[in-house]
Structure formats: C-alpha cells, structure tokens
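A closer look at the structure
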Amino acid sequence: MPRQSKQKLVPVGSNIRELPAEESQRQDYIQPEIGPRSGSLHTGNPARSRTRAILTDPQLWLPIGVLIIGITVLILVK
Amino acid sequence: MTVSPPNSKLSSYSLHAVGVACGLAAATWLAAAEAPTKLVTVGFSPFLISLGMVAGVFVARWTVPVALKGTGYVLTDIREKPHLIVWAIIAGMLWAVGNTLTVFAVRNVGLSIAFPLWNINSLVGLFWGWLLFKELRGSGSGRVVGGAVAIVGGACLLAYSTSQQTTHGQFGGAMLGIAAALGAGLQFGTMYIPYRKAYISGMNPLSFVTVFTFGELGMVFALALIFDGGLHNVTAELNRARPALFWLFLGGFCWVVGDLFQNYAAKYIGIARGIPLSNTNQLWGLAWGVLVFGELAGQGFSTHVLVFAGSVIMIAGAGAICSAKASESEESSWRSATERECDRYGLDYGRVASSLRGEDPLSADKPARHWWELVLVAAATAVFVWLAIAAKHPAVEVNVAWMGVLMFITLVSLVGCGLLLWKRTHFS
C-alpha cells in the first residue's frame, strides 16, 4: 500500500495556516520566485542575457521602425 | 528574494482615481507649457525654439524631481531595470522627431489641417496599448474608445475653428505636410509604448523621465545641428536668443511637470486611458489663447459656436474615460503583460506588482541621498534665475487677470494631484 494512504485525508485548502496580519507583512517573508521559463533568454552572463533579451524583444523593433519612418519623412519634407 | 511590506501609511484612494487625476493635471501643465512659448517673438528658427525649450526641460529635470526622490533612488531604480535605458532614450528620440515634424506640417498645410492629423496620436497609443499590453480587454472598453474618439474629434473642431491658416504652396508640398503631420502622430503615439513598458516593469516615472530627457535633448540638438547649419550657427543663434530663453525654459519647466503627471497616469490607468485624458490639454491651451492672449477677438458667431461645441465634445469624452475603470478581467490581462516583462528581463515579480499597487518597494531599500543633490538643485535653479535676469519683457499683450486665474487653477492641480500622489503612492 502506498505510504501516503496512511495519512489522514483532509479537504483541499483546509490545512493552509493563515498568517497573522503582522507576520504576513514582515519584510523577510519569502515569495516563491517566478523564474525564467524553459528555453529562457537568461544565461550565466547577466549582461549578455540582458542584451539578448533586449535585442530579441519583438516590441523593440516597432518604435525603432517608426523612428526610422519619422526621420525619413523629415529628410523628405525639409 | 523578498517582497517589500505594503506601505502601511499609504491612503486607500483607488488607483484609477489617482491615474485620472494625474491625466487631468497633466493636461493643465502641458497647456501651460505652451503659454511662455507664445511670448517668444518671431525671428528665431523653429529648431532653435524647440532646442531652447528642451534645454529648459533638461535643466528643470534637476529641480523638482531630484528634490522629490533624489538621485540615489533614481540610480537604484535604473540599475534594477537597466534594459529600460534603451527604451527611455528611444522614447525621447521619438518625441524629438515628432515635434520637429509638427513644425514642417504647420509650415506646409497650416495648423487646422496638421493638428487633427497629428492628434491621432492618442488613438495610435490606444491601439498599441490594446495590442501590446493587453489593455481594453474587458467590459467598459467601448467607453474608453468612444471617449478617446470624442477627445480627438473635439480637438479637431477646436483646431479648425481657431486656426486661420490656409494651405499655401504646391500640391507636392501639401502632401509632404500631410505626411509630416501623420508621421508626427505616429511618433507621439508610438512613444507611449516605452512609457507603458517601463511601468509594467515597475519603474518610477521620475527615473524614466530622467533618461528620456537625455534621448530628447540629444536628438533635438542633432536635428538643430543638421537643419540649422552646424554647431557654429546654432551657438550664435542661441546667444542671439538669450533674452527669450527664459520663456522657453519656463515652458520646459511646465512641460516637465505635465509630462511627469502624464507618466503617472500611464502607470496607474494605462496608456489607453491616460493619454487621451492628458490630450485634453488642447482645451486648456484654448483657454490660455482666448482668455489671456485674446486670440478669438474679432471672430464671428460661428467660430464661437464651433469652439463651444469642440469643448463640450472633449469634456464629454474625458468624462467617459474618467468613469471607465478597468474591469477585473482587464486587470488580469495587465498582470499577464507584467508577467511577460518579468519573465523576459528577469525582474522580481513581487517588487513589480508591489510598485503597480502604488507601493514603493525601492524606498524600503533606503537609497542614499547625498549633499551634492542640493547643489544640483541650486545650480539648476540658478540657471533659471540667471536667464530671468536677462529676459526681455515680451511685446505681447496679455490679460493679467485671466492669466492669474489660469495660473491659480494650474497650481491647484499641481498641489491637489501632488498631494494625492504622495498620500496614495509616495510618488512611486
């Protein structure tokens, strides 16, 4: 028989202890980290990872493209 | 990794109300920024006027904002999200190019055609907010879109009724003028992408605007060099314009305050709501023009009717947006946009979420304030005083009583909204 079957079964969520207000507000309360997903852009080198994250962000190229359009119009209209 | 404690001393005002107040306060200050520039008499190149104002923005950046949070705070914020430096500089460059395009658009097709075209920027911003940051994904979004369209429509009506310019020149020139106006609208509307990007990453608007001014000043200076005949010419023109520089710097100062409020609006209610609200500055600009500078004097009945209709439409649009609080499903969409940023750039989701709740996780780290910040503020103030001493009283008639009334309203919006921001967010 699997080991866990010997444990007392409790309704889901009923064993969650509510933290007192002051305890939940403590500065050292640990939050589970939301880390990078698999296939992430984050490598060992933070600077390189950051550069890669910036350059591969498809949203970046939109304002750059618009800026190029603006400068082109400026050159034409001057 | 830790989550900062909620700032227990913060008041419980709704963040929607804070964002709406910021959008409306931004409108008064952005309009006030135009008033001093009206005092600058003709005879200077548009690039020089733009450069003077942006230089004023740059110097003003080191007065009030530094006094509010200090450079240590700003540097810590930037160090925590260094990827946003690129975005803030791009935003500054977009503003500079957009602003220059408006000069050419007005030259080629006149204000009545150019202004409505570049005023589509709030609709462009609204579209980017919907597409990239999942804004307006819930009930009530129709009211925001309707309100934004009404504000643009009202602004067009005001521009049409108050502008006397007609199209000059050839067909090709007019087409280029229209292209310039549309280009300006696209630049301004796209500038809001970096704004929103910064705030769903938990950045403080004071930090973002700091980097923004570098991109803005650099680009405007480069454009002035290219279009105004090189460094020697620009320097000579700046010397010649020195008696008028104070008014441009004053405009720049007002612009910094207005832009900060606009950024706080973008942070707390998103660009789809915040930008149309701050674009009601056209209404306040009209008040300055008509009441202080007598711009509608001698105009016929039909002009007054158009002005009245345009104003009412704008106010109705702003009212619709003010009452369109983001629904729970939309807020959930905002959170997924935030998660995307945290995932991509390795940000601490707890700290970002805390910042978006109006808390100030950076302050909990107690960034150092330095004695030399006082020197910085004093030096920036001294530049204003130095220019004020050399300033020439402009030969433009103003209605002093109405100027006093509008200045009072503008100051009330500063104090009221500033207090609200402080009580609810501690300028986070």
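Residues numbered from 1 in each chain as written. Chains lettered and ligands numbered in written order. Predicted model: local features only at pLDDT ≥ 70, side-chain atom pairs only at ≥ 80, totals over all residues. Heavy atoms only, no water.

Some words on the overall build of chain B
To keep things clear, this is the line we draw: A run of H or I in DSSP counts as a helix once it spans at least four residues, and a run of E counts as a strand once it spans at least two, with each numbered from the N terminus. Computation of the radius of gyration draws on C-alpha atoms, with the globule rule given as 2.2 Å multiplied by the number of residues to the power 0.38. A contact between two residues is defined here by any heavy atoms of the two lying within 4.5 Å. Residue-level accessible areas treat just the shown protein chains as cover; the underlying method is Shrake-Rupley with a 1.4 Å probe. The charged-residue count follows a simple rule in which Lys and Arg add positive charge and Asp and Glu add negative charge, with His and chain termini not counted at all. Charge positions come from single atoms, namely NZ of Lys, CZ of Arg, CG of Asp or CD of Glu.
Each helix and strand counted, chain B has 20 helices and 0 strands in total. Compactness check: chain B gives a C-alpha radius of gyration of 21 Å against a globular reference of 22 Å for 428 residues, within 12% of the reference. Sequence separation of at least 24 residues holds for 90% of the intrachain contacts in chain B that already meet a minimum separation of 6. Working note: accessible area of chain B is about 16,600 Å², and carbon and sulfur atoms make up 70% of it. Charge separation in chain B, taken as the distance between the mean sites of 27 positive and 21 negative side-chain charges, equals 2 Å.

Things to note about the overall build of chain A
The following threshold applies: Buried residues are those whose accessible area, probed at 1.4 Å on protein chains only, stays under 20% of the maximum for their type, while exposed residues exceed 50% and partly exposed ones sit between those limits.
Secondary structure summary: chain A contains 3 helices and 0 strands in total. The helix and strand sequence of chain A, counted from the amino end, reads α-α-α. Considering chain A as a whole, with its 78 residues, one finds that 18% of them fall into the buried category. As presented, chain A carries roughly 6,300 Å² of accessible surface, and 58% of it is formed by carbon and sulfur atoms.

Quick look at the packing of aromatic side chains
Residue and element names in this part refer to chain B. Note the following rule: Between the rings of Phe, Tyr and Trp (Trp by its six-membered ring), a pair exists once the centres lie within 6.5 Å; its type follows the angle of the planes, with under 30 degrees stacked, over 60 edge-to-face, and the other angles tilted. Two conditions define a charge located above a ring, namely a distance within 6 Å from the ring centre to NZ of Lys or CZ of Arg, and an angle within 35 degrees of the ring normal.
The full count for this structure, using the stated rule, is 16 aromatic pairs over all chains. Summarising the aromatic geometry, the rings of Phe-58 and Trp-62 are spaced 6.4 Å apart at their centres and angled 70° between planes, so their arrangement reads as edge-to-face. When sorted by exposure, Phe-58 lands in the same class as Trp-62, which is buried. Ring geometry for Trp-422 and Phe-427: centres 5.8 Å apart, planes at 40°, overall tilted. Of the residues examined, Trp-422 reaches a relative accessible area of 41% and is grouped as partly exposed. An aromatic cluster is defined as three or more aromatic residues linked by ring pairs; in this entry it consists of Trp-95, Tyr-192, Tyr-195, Tyr-199, Phe-208, Phe-212 and Trp-255. Above the ring of Trp-62, the side-chain terminus of Arg-61 is found at 5.4 Å from the ring centroid. In this arrangement the basic side chain of Arg-196 is found over the ring face of Trp-334, its NZ or CZ atom lying 5.0 Å from the centre.

Some thoughts on the confidence of the model for chain A
Residue and element names in this part refer to chain A. Under the convention used in this document: Confidence scores labelled pLDDT are given residue by residue by the predictor and lie between 0 and 100.
For chain A, the average pLDDT comes to 66, and 44% of its residues sit at 70 or higher. By mean pLDDT, the top-scoring element of chain A is helix 3 (residues 58–77) (94), and the lowest-scoring one is helix 1 (residues 21–24) (47). In the model, residues 1–19 has pLDDT below 50 throughout and makes 4 contacts with residues more than four positions away in sequence or in other chains. Here residues 21–39 is a poorly scored stretch, pLDDT under 50, and it has 23 contacts once near neighbours within four places are set aside; other chains count.

Examining the side chain of Ser-311 of chain B
Relative to the helices and strands, Ser-311 of chain B is located in helix 15 (residues 301–322). In this structure Ser-311 of chain B touches Leu-158, Leu-283 and Leu-286 of chain B, once residues within four positions along its chain are discounted.

A word on the packing of helix 3 of chain A against helix 5 (residues 84–109) of chain B
Each pair of packed helices can be summarised by the angle the axes make with each other and by the distance between the axes. What counts here: Convention adopted: a line fitted to C-alpha atoms gives each axis, helices being fitted over their contacting stretch, and angles between N-to-C directions are expressed from 0 to 180 degrees. We call two directions roughly parallel when the angle between them is under 35 degrees, roughly antiparallel when it is over 145, roughly perpendicular when it lies between 65 and 115, and oblique otherwise. Each crossing is labelled by how the near helix is turned from the far one, with a counterclockwise turn of less than a right angle marking it left-handed and a clockwise turn marking it right-handed. Asp, Glu, Lys and Arg are counted as charged, while Ala, Val, Leu, Ile, Met, Phe, Trp, Tyr, Cys and Pro are counted as nonpolar; the rest, among them Gly, fall into the polar class.
Look at helix 3 of chain A against helix 5 of chain B: their axes get within 10 Å of each other, and the N-to-C directions meet at 30°. With respect to each other, helix 3 of chain A and helix 5 of chain B are oriented roughly parallel. Between helix 3 of chain A and helix 5 of chain B lies a crossing whose hand is left-handed. In this structure, helix 3 of chain A contributes Gln-59, Leu-60, Pro-63, Ile-64, Val-66, Leu-67, Gly-70, Ile-71, Val-73, Leu-74 and Val-77 of chain A to the contact, and helix 5 of chain B contributes Val-86, Trp-87, Ile-90, Met-93, Leu-94, Val-97, Thr-100, Leu-101, Phe-104, Arg-107 and Asn-108 of chain B. By residue class, the composition of the contact of helix 3 of chain A with helix 5 of chain B is 17 nonpolar, 4 polar and 1 charged.

With respect to the pattern of salt bridges
Here is the rule we go by: We count a salt bridge whenever a side-chain nitrogen from Lys or Arg sits within 4 Å of a carboxyl oxygen from Asp or Glu.
For the structure on display, the rule yields 14 salt bridges over all chains. Among the salt bridges present, the one from Lys-197 of chain B reaches Asp-57 of chain A, with a minimum N-O distance of 2.6 Å. Separated into two different chains, Lys-197 of chain B in helix 9 (residues 171–199) and Asp-57 of chain A in the loop between helix 2 (46–55) and helix 3 make up a pair that spans both. Under the relative-accessibility criterion, Lys-197 of chain B is labelled buried at 0%. Notably, a salt bridge pairs Lys-69 of chain B with Asp-360 of chain B, separated by 2.6 Å at the nearest N-O pair. Of this pair, Lys-69 of chain B sits in helix 3 (residues 64–69) while Asp-360 of chain B is found in the loop between helix 17 (349–356) and helix 18 (361–364), placing the two residues 291 residues apart along the sequence. A relative accessible area of 9% places Lys-69 of chain B in the buried class. What makes Asp-360 of chain B buried here is its relative accessible area of 3%.

Things to note about the environment of Ala-181 of chain B
Residues and elements named next belong to chain B. Within the secondary structure, Ala-181 is located in helix 9. For Ala-181, a relative accessible area of 0% puts it in the buried group. Separated by 64 residues in sequence, Ala-181 and Leu-117 place their C-alpha atoms 5.6 Å apart. Setting aside residues no more than four positions away along its own chain, Ala-181 makes contact with Ala-105, Ala-114, Leu-117 and Trp-118.

Details of the confidence of the model for chain B
Residues and elements named next belong to chain B. When pLDDT is averaged across chain B, the result is 86; 94% of the residues are at 70 or more. Confidence, expressed as mean pLDDT per element, reaches its minimum in chain B at helix 6 (residues 111–118) with 77 and its maximum at helix 20 (residues 400–425) with 95. The model gives residues 1–6 a pLDDT under 50, and that stretch makes 21 contacts with residues more than four places away or in other chains. Model confidence for the complex: the whole-complex pTM is 0.83, and ipTM, which rates the interface, is 0.84.

Topic: helix 16 (residues 328–345) of chain B
All names here are of chain B. Operational definition: Given a helix with a known number of residues, its expected span is that number minus one, times 1.5 Å.
When the terminal C-alpha atoms of helix 16 are compared, their 26 Å separation across 18 residues agrees well with the 26 Å that a helix rising 1.5 Å per residue should span. Those residues of helix 16 that sit buried are Glu-330, Ser-333, Trp-334, Ala-337, Thr-338, Glu-341, Cys-342, Asp-343, Arg-344 and Tyr-345. Within two residues after helix 16, Gly-346 carries a phi angle of roughly 60°, on the positive side.

Some thoughts on a nonpolar patch on the surface
Worth spelling out the cut-off: What makes a patch is a set of residues exposed beyond 30% relative accessible area and free of salt bridges, joined within 9 Å when like-charged and within 5 Å when nonpolar (Val, Leu, Ile, Met, Phe, Trp, Tyr).
A surface patch of nonpolar side chains, amounting to about 440 Å² of accessible area, comprises Trp-402, Val-405, Phe-408, Ile-409 and Val-412 of chain B. Here Val-412 of chain B is to be found in helix 20.

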